[in-house]
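What follows is each chain in one-letter form.
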Amino acid sequence: MSDHSQVVDGSLHEMDMDNRLKGSRLFNNNIAPTRIKERNWTSGDIAALWVGMVICVPTYTLGGVLTAYFGLSVIEALVTILLANTVVLIPLCLNAFPGTKYGIPFPVVLRSSFGTIGSNLPCMIRAMVACGWFGIQTLFGGIAVHLLLSSFSSDWASLGETGEVIGFFIFMILNLVVVIRGADSIKKMEAFSAPLLLLVSVGLMTWVMPRVDIVALVNEPANRPVDNSLWSYFFGGLTAMVGFWATLSLNIPDFSRYARSQRDQIKGQILGLPLTMFFFAALGVVMTAATPSLFGHTISDPVHLIGMVDNTIWKAVAMVLIILATLSTNTAANIISPTNDFQNLSPRHINHTRGVILTGLIGLLLMGFELLKKVGFLDSNISIEAMYSGWLLTYSSLLGPIAGIMVVDYFFVRPVFHHTN
């Protein structure tokens with residue numbers, strides 16, 4: 001056989017294999033391996049992704065949670081946050097490897113260790129956690145939208161909590177539109193928002209530091225019995241903080257599939273996660289400590305803190321930044337994963353757009369109770385924080401074993417198939 005015939009036969013064989021792959025019930029274009037030209041995320045892009053996800057309302061409140069509920073002092077709380085996010089880098093970087101190596105998302109990685117049908121169970125566990133957090137973050141974003149519009153219109157302000165519900169739907173649609181536009185849309189948004197959010201955070205810290213007695217804040221005793229050992233409180237807080245990004249340690253291949261190399265994904269995550277978490281949580285602690293002297297009482301929620309500002313222009317600017325911060329977190333952390341997970345259920349029938357819409361609908365259903373309370377159809381004293389955050393944190397404990405199975409399968413069960421990039 002001539003060389004020309006061999007080339008023709010080889011090309012025909014590849015085309016036949018490609019056609020059979022695309023005809024499989026397990027295939028669609030969105031969860032197929034990324035093409036080489038699509039793997040263009042640098043370490044800077046991945047660091048920006050993490051900065052955009054980290055700077056959000058829940059991170060701002062972490063220091064207060066650890067001091068109020070876990071019995072830690074301010075310094076102990078901030079050290080715990082830094083250490084926890086350094087620890088969580090290990091599963092994040094390890095589970096990112098197959099995504100970068102093969103260009104495949106989280107559900108397809110799972111097929112190796114759980115099987116093509118079995119992969120749907122851990123996918124749905126991860127998806128439900130993400131949909132729950134999507135609803136909660138969208139509620140924060142909706143409140144910010146309401147306060148932004150209220151700063152310009154007294155008629156809108158008079159809507160009260162009904163305005164917050166309308167804001168919820170406005171913010172939800174904004175989130176879904178960004179993700180429907182694809183990975184490049186998220187990359188551009190994070191590249192725009194990350195430096196802006198960092199700059200504003202540094203500016204806020206510079207502004208608030210002279211208004212707080214830092215020495216008194218640092219020396220404030222921990223909220224625990226004097227005779228009790230630190231370590232039980234410390235490890236409780238550490239476990240909770242590691243769990244904060246446990247969800248992303250599973251589905252990090254959804255993003256690392258776009259990385260240029262393993263070096264880029266590792267370097268980007270190291271640059272973007274631990275120090276940003278530490279700094280923004282510290283900002284939350286200092287800003288909260290300043291509120292009694294500024295407003296007469298403690299305000300730990302940044303959305304309502306900004307709502308107390310009298311200057312209309314500054315309030316509007318701050319609300320836009322809160323909306324941007326929540327949008328950059330929500331789209332990346334809480335929509336991408338369930339979108340891919342739902343596609344894995346039925347790749348032939350659920351494409352990217354349908355997966356995004358399904359995520360939005362489930363998030364809406366999970367928040368339905370709280371939304372109905374706001375418009376007066378339900379009257380209940382059950383708080384969204386107690387009802388959903390408690391459930392989600394408990395439910396998230398199922399994710400640790402899944403992450404462990406993924407790491408062991410890739411690095412120890414099937415290492416013969418993998419080669420370092």
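Residues numbered from 1 in each chain as written. Predicted model: local features only at pLDDT ≥ 70, side-chain atom pairs only at ≥ 80, totals over all residues. Heavy atoms only, no water.

Trainee: Would you mind going over the overall build of the protein chain in detail, with residue names and values included?
Mentor: A count of helical and extended segments in the protein chain gives 22 helices and zero strands. Across the 421 residues in the protein chain, those meeting the buried criterion constitute 51%. Partitioning the intrachain contacts of the protein chain with sequence separation of at least 6 by distance along the chain shows that 82% fall at a separation of at least 24. Carbon and sulfur atoms form 67% of the exposed surface of the protein chain, whose accessible area is close to 19500 Å². (Helix = DSSP H or I, 4+ residues; strand = E, 2+ residues; numbered from the N terminus. Buried < 20%, exposed > 50% of the residue type's maximum accessible area, 1.4 Å probe, protein only. Contact = heavy atoms within 4.5 Å. Areas by Shrake-Rupley, 256 points an atom, 1.4 Å probe, with all protein chains shown as cover.)

Trainee: Please provide a residue-by-residue account of the pattern of salt bridges, values included.
Mentor: Using the criterion set out here, one finds four salt bridges in the structure. Across the pair Arg-224 and Glu-76 runs a salt bridge, and its minimum N-O distance is 2.9 Å. With a gap of 148 residues between them, Arg-224 in the loop between helix 11 (214-219) and helix 12 (230-244) and Glu-76 in helix 4 (residues 74-87) connect regions that are remote in the sequence. In this structure Arg-224 comes out as buried when scored by relative accessible area, which is 19%. (Salt bridge = Lys/Arg side-chain N within 4 Å of Asp/Glu carboxyl O.)

Trainee: Describe the packing of aromatic side chains, naming the residues involved and giving the relevant values.
Mentor: The final tally for this structure, using the stated rule, is ten aromatic pairs. Taking 5.7 Å as the distance between ring centres and 90° as the angle between the ring planes, the aromatic pair formed by Trp-231 and Phe-234 counts as edge-to-face. Of this pair, Trp-231 and Phe-234 both sit in helix 12, three residues apart, roughly one helical turn. One aromatic cluster is present, built from ring pairs that chain together Trp-50, Phe-244 and Trp-245. One Lys or Arg, Arg-224, reaches over the ring of Tyr-233 and ends 5.8 Å from the middle of that ring. (Phe/Tyr/Trp six-rings, centres within 6.5 Å; stacked < 30°, edge-to-face > 60°. Lys NZ or Arg CZ within 6 Å of the ring centre and 35° of its normal.)

Trainee: How would you sum up the side chain of Ser-249? Please name residues and give values.
Mentor: For Ser-249, the location among the structural elements is in helix 13 (residues 246-251). Beyond its immediate sequence surroundings of up to four residues, Ser-249 is in contact with Pro-91, Leu-92, Asn-95 and Ala-403.

Trainee: Now, about the environment of Gly-167: what can you tell me, with residues and values included?
Mentor: On the secondary structure map, Gly-167 appears in helix 9 (residues 161-180). The exposure class assigned to Gly-167 is buried, which follows from its relative accessible area of 0%. With 23 residues separating them along the chain, Gly-167 and Ala-144 place their C-alpha atoms 7.7 Å apart.

Trainee: Explain the side chain of Asn-120 to me, and be specific about the residues and the numbers.
Mentor: Position of Asn-120 relative to the elements: it lies in helix 7 (residues 120-150). Given a relative accessible area of 15%, Asn-120 falls into the buried group. Setting aside residues no more than four positions away along its own chain, Asn-120 makes contact with Asn-344 and Leu-345.

Trainee: Can you lay out the nonpolar core for me, pointing to particular residues and giving the numbers?
Mentor: Ranked by size, the top nonpolar core spans 84 residues in total, and within it Trp-50, Met-53, Ile-81, Trp-245, Leu-248, Phe-255 and Leu-273 carry the most contacts. Grouped together as the second largest cluster of nonpolar side chains are 19 residues, Ile-31, Val-108, Cys-131 and Leu-399 included. (Core = buried A, V, L, I, M, F, W, Y, C linked by side-chain atoms within 4.5 Å.)

Trainee: Report on the environment of Ile-90, specifying residues and quantitative values.
Mentor: Here Ile-90 is to be found in helix 5 (residues 89-102). With 176 residues separating them along the chain, Ile-90 and Ile-266 place their C-alpha atoms 9.6 Å apart.

Trainee: Residue-level account of the packing of helix 2 (residues 43-54) against helix 15 (residues 262-272), with values.
Mentor: Packing of helix 2 against helix 15 leaves a shortest axis separation of 7 Å and a crossing angle of 35°. The handedness of the crossing between helix 2 and helix 15 comes out as right-handed. Residues Ser-43, Ile-46, Ala-47, Trp-50, Val-51 and Val-54 of helix 2 touch helix 15, and the partners they reach there are Asp-264, Gln-265, Lys-267, Gly-268, Gln-269, Leu-271 and Gly-272. Partitioning the contact of helix 2 with helix 15 into residue classes produces six nonpolar, five polar and two charged. (Axes fitted to C-alpha atoms, helices over the stretch in contact; angles between N-to-C directions. Left-handed = near helix turned anticlockwise from the far one by under 90°. Nonpolar A, V, L, I, M, F, W, Y, C, P; charged D, E, K, R; others polar.)

By themselves, these are just geometric observations and shouldn't be taken as functional.
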